[in-house]
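Spelled out, the chains give:
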Amino acid sequence: LAGALEPDGGKITRNPNVQISYLSQNPKMEDNATILEQIFLHFPAEFRELNEYEAKSMLTKLGFTDFSQKVGTLSGGELQRVLLALALEPLPNILILDEPLSGVDVEGMETLMDMIDEIRKEYDLSILMTTHDFSMLEQYADQVVLIDHGIKIQGKPQTVLGSEEFRQAF
């Protein structure tokens, strides 16, 4: 879906007007870059000039005030928030998050999920998220799909988490 891999079979058809952003589980980060530099690292200078205000605004929404802070000094939760800002520049229609709670402490998980939920609502984003942390699903997910060599069950979080298929898988 993110376009990172070619499908083994079948066909993926996308609306060319839909912008998809993908945040991988282990993206490459530059420890010596500032958080603002990290966001624009792979963009041309003119893109940064045109979008720096939006990036600073998003970083502020995600709890940052010092844009010169070095990436290598960040905690797990702070790093995930910078990665989220990176995935939101430019603003997509669909955001794919691969294990966004990885490396985040329990308190930070709820804070991060609250921020993701606020951004989702404010910008009317669709979010597809993979996770092995099921504690947040009932509170934040609209739909859950259990995948284990194919789709096993899908539906509302309470339905999936209470299902026999879920219990057998975990």
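We now turn to the structure provided with this report. (Residues numbered from 1 in each chain as written. Predicted model: local features only at pLDDT ≥ 70, side-chain atom pairs only at ≥ 80, totals over all residues. Heavy atoms only, no water.)

Observations concerning the overall build of the protein chain
Operational definition: Secondary structure elements are taken from DSSP: a helix is a run of H or I of four residues or more, a strand is a run of E of two residues or more, and numbering for both begins at the N terminus. To sort residues, take the accessible area from a 1.4 Å probe on protein chains only and compare it with the maximum for the residue type: under 20% means buried, over 50% means exposed, and anything in between is partly exposed. Throughout, a contact is declared for two residues whenever any of their heavy atoms are within 4.5 Å. To be clear on the numbers: accessible area is Shrake-Rupley with a 1.4 Å probe, and residue cover counts the displayed protein chains and nothing else. A positive count includes Lys and Arg, and a negative count includes Asp and Glu. His and the chain ends are not counted in either. Taken as the charge centre is NZ of Lys, CZ of Arg, CG of Asp or CD of Glu, depending on the residue.
Across its full length, the protein chain holds seven helices and five strands. From first element to last, N terminus to C terminus, the protein chain shows the α and β order β-α-α-α-β-α-β-α-β-β-α-α. Put simply, the protein chain has 170 residues, and 35% of those count as buried. Within the protein chain, contacts between residues separated by at least 24 positions form 59% of all contacts whose residues are at least 6 apart in sequence. Carbon and sulfur atoms form 49% of the exposed surface of the protein chain, whose accessible area is close to 10,600 Å². Taking the average place of the 13 positive charges on the side chains of the protein chain and the average place of its 28 negative ones, the gap between the two points comes to 4 Å.

Observations regarding the pattern of salt bridges
To keep things clear, this is the line we draw: We define a salt bridge as a contact between a side-chain nitrogen of Lys or Arg and a carboxyl oxygen of Asp or Glu at a distance within 4 Å.
Enumeration over the complete set of coordinates arrives at seven salt bridges. The closest approach of N and O atoms between D117 and K121, which form a salt bridge, is 3.2 Å. Here D117 and its partner K121 are both found in helix α4 (residues 106-123), four residues apart, which amounts to about one turn of the helix. Residue D117 is classed as buried on the basis of its relative accessible area, which comes to 16%. Among the charged side chains, a salt-bridge network with shared partners connects R48, E52 and K56.

Quick word on the sheet that holds strand β1 (residues 20-23)
The criterion, for reference: Two strands make a pair as long as DSSP finds a minimum of two bridges between them. Axis lines are fitted through C-alpha atoms, for helices just across the contact stretch, and the angle between N-to-C directions can take any value from 0 to 180 degrees.
Taken together, three strands build an open sheet; the order of strands is β1-β2-β3 and the sheet is parallel. Strands with a single pairing partner mark the edges of an open sheet, and in this sheet they are β1 and β3 (126-130). Pairs of neighbouring strands in the sheet enclose a mean axial angle of 15°, with direction left out of account. Across the sheet, helix α3 (residues 76-87) touches β1 and β2 (94-98), and the angle it forms with β1 is around 160°.

Here we look at a nonpolar patch on the surface
Cut-off, in case you're wondering: Here a patch means residues that are over 30% exposed by relative accessible area and free of salt bridges, tied together within 9 Å if like-charged and within 5 Å if nonpolar (Val, Leu, Ile, Met, Phe, Trp, Tyr).
A cluster of nonpolar side chains, L1, I12 and L128, forms an exposed patch at the surface whose accessible area comes to about 290 Å². Take L1: it is sitting in the segment before β1. Take L1: its relative accessible area is 60%, and that puts it in the exposed class.

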